[in-house]
Amino acid sequence: MIAALAEAVSHELGAAVAGRDAGHAAPNPALRTAFVDVLGPTPSEVLGDLAAGPETGGAVVVPAFLASGYHVYQDVPREVAESGHPAVAVTAAMGPDPALAGVMALRLRAAGWRPGDAVVFAAAGSSDPRALADVRRAADMLAERLATPVRIGYVATGAPRVADVVADLRSAGARRVFVASYLLAHGLFHQRLHDAGADGVAEPIGVHPAVVGLIADRYRAAVRALANVS
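Residues numbered from 1 in each chain as written. Predicted model: local features only at pLDDT ≥ 70, side-chain atom pairs only at ≥ 80, totals over all residues. Heavy atoms only, no water.

Residues and numbers for the environment of Ala-105, please.
Note on placement: Ala-105 falls in helix H4 (residues 98–110). Separated by 40 residues in the primary sequence, Ala-105 and Arg-145 have C-alpha atoms spaced 7.2 Å apart. Residue contacts for Ala-105: discarding those within four places in its chain leaves Leu-142, Arg-145 and Leu-146. (Helix = DSSP H or I, 4+ residues; strand = E, 2+ residues; numbered from the N terminus. Contact = heavy atoms within 4.5 Å.)

Structure follows, in structure tokens:
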């Protein structure tokens, strides 16, 4: 099993998923962590090692991204093809999913959000329209969970920016504005949210049991699919 995800939470989340898959006993040694950006090892390297090893069964790649953009649609399939592994199942990306909306709602309440406060859904952003569509779906899920409207703002790529959305909500009469972080971990992007002028900023999604369960469920479904194919 491979989880392709941001470095900041990769090893912690991977270890948590491995422990859950092993029935909360010793971590599952079959889990590997790979990266599709500047870090290594890459999915191609990990899958190639697995294909050359004594275990000849199938492999599952879980793209632990919050939206399906270039990495999911281009990088991951290319890495799988280059690996030479004969039996790989690639699951859907981690997000959007109602489980993530549930975690974001918990983070917002912990930051002081109360019903009646305005909410900005803060995502990293993307130039890929498919990723932006996923962000809109994720924002709708959070709005449904909170039973309140949610406005989308972007941190890095795309418009409107989070700070602009915060300012617009204040101009429209919002007394308190909170930012919901659609990010996996602390880092530069999350730090920028604290400079957006909101009354509170929720913690990133992070390594929450619901996130661990979501990845584990993706993995188990793919394992069943591989078994049916074989």
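I'd like a description of the pattern of salt bridges, backed by residues and values.
Under the definition given, this model contains 10 salt bridges. The partner of Glu-79 in a salt bridge is Arg-78, with the nearest N and O atoms 3.5 Å apart. Between Arg-218 and Asp-97 there is a salt bridge, and its shortest N-O distance comes to 3.5 Å. Taken together, the residues Arg-218 in helix H8 (residues 209–229) and Asp-97 in the loop between strand E4 (88–90) and H4 connect sequence positions 121 residues apart. Ionic contacts of the salt-bridge type, sharing partners, join the residues Asp-75, Arg-78, Glu-79 and Glu-82 into one network. (Salt bridge = Lys/Arg side-chain N within 4 Å of Asp/Glu carboxyl O.)

Outline the nonpolar core, supporting the account with residue identities and numerical values.
In terms of nonpolar packing, the biggest core is built from 44 residues, with Met-94, Leu-108, Val-119, Phe-121, Leu-142, Tyr-182 and Ile-205 touching the most fellow members. Taken together, the elements giving at least two residues each to this core come down to helix H1 (7–21), strand E3 (59–63), H4, strand E5 (118–123), helix H5 (129–146), strand E6 (151–154), strand E7 (177–182) and H8. At eight residues, H8 tops the list of elements feeding residues into this core. Among all residues touching Leu-108, those that are not within four sequence positions of it are Trp-113, Val-119, Leu-142, Leu-146, Phe-178, Val-179, Ala-180 and Ala-202. In this structure, Val-155, Val-165, Leu-169 and Val-179 belong to the second largest nonpolar core, which totals 14 residues. (Core = buried A, V, L, I, M, F, W, Y, C linked by side-chain atoms within 4.5 Å. Buried < 20%, exposed > 50% of the residue type's maximum accessible area, 1.4 Å probe, protein only.)

Would you mind going over the pairing of E3 in detail, with residue names and values included?
Among the five residues of E3, five are classified as buried, and the element is accordingly described as predominantly covered. Examined bridge by bridge, E3 and E4 share three bridges and lie parallel to one another. Among the inter-strand pairings, Ala-59 is bridged to a residue of E4, identified as Val-88. Taken together, E3, helix H3 (residues 70–83) and E4 form a β-α-β motif whose crossover is right-handed. (Pairing = 2+ DSSP bridges. Right-handed = clockwise from strand over helix to strand, strands pointing away.)

Which residues make up the packing of helix H2 (residues 43–52) against H3, and what are the values?
The contact between H2 and H3 brings their axes to 8 Å, and the two run at 30°. Remark: the crossing between H2 and H3 carries right-handed chirality. Counted together, Pro-43, Ser-44, Leu-47 and Gly-48 of H2 and Glu-79, Val-80, Glu-82 and Ser-83 of H3 form the full contact between these two elements. (Axes fitted to C-alpha atoms, helices over the stretch in contact; angles between N-to-C directions. Left-handed = near helix turned anticlockwise from the far one by under 90°.)

Tell me what's going on with the environment of His-208, and back it up with residues and numbers.
Along the chain, His-208 falls in the loop between strand E8 (200–201) and H8. For the pair His-208 and Leu-100, spaced 108 residues apart in the sequence, the C-alpha separation amounts to 9.3 Å. Beyond its immediate chain neighbours, meaning those up to four positions away, His-208 contacts Val-103, Leu-106 and Arg-107.

Which residues make up unusual backbone geometry, and what are the values?
With an omega of 0°, the peptide bond running from Gly-95 to Pro-96 counts as cis. Considering the arrangement of structural elements, one finds Pro-96 in the loop between E4 and H4. A cis amide bond links Ala-159 with the next residue in sequence, Pro-160, at an omega value of 5°. Considering the arrangement of structural elements, one finds Pro-160 in the loop between E6 and helix H6 (162–171). Phi at Ala-147 is positive, roughly 55°, even though this residue is not glycine.

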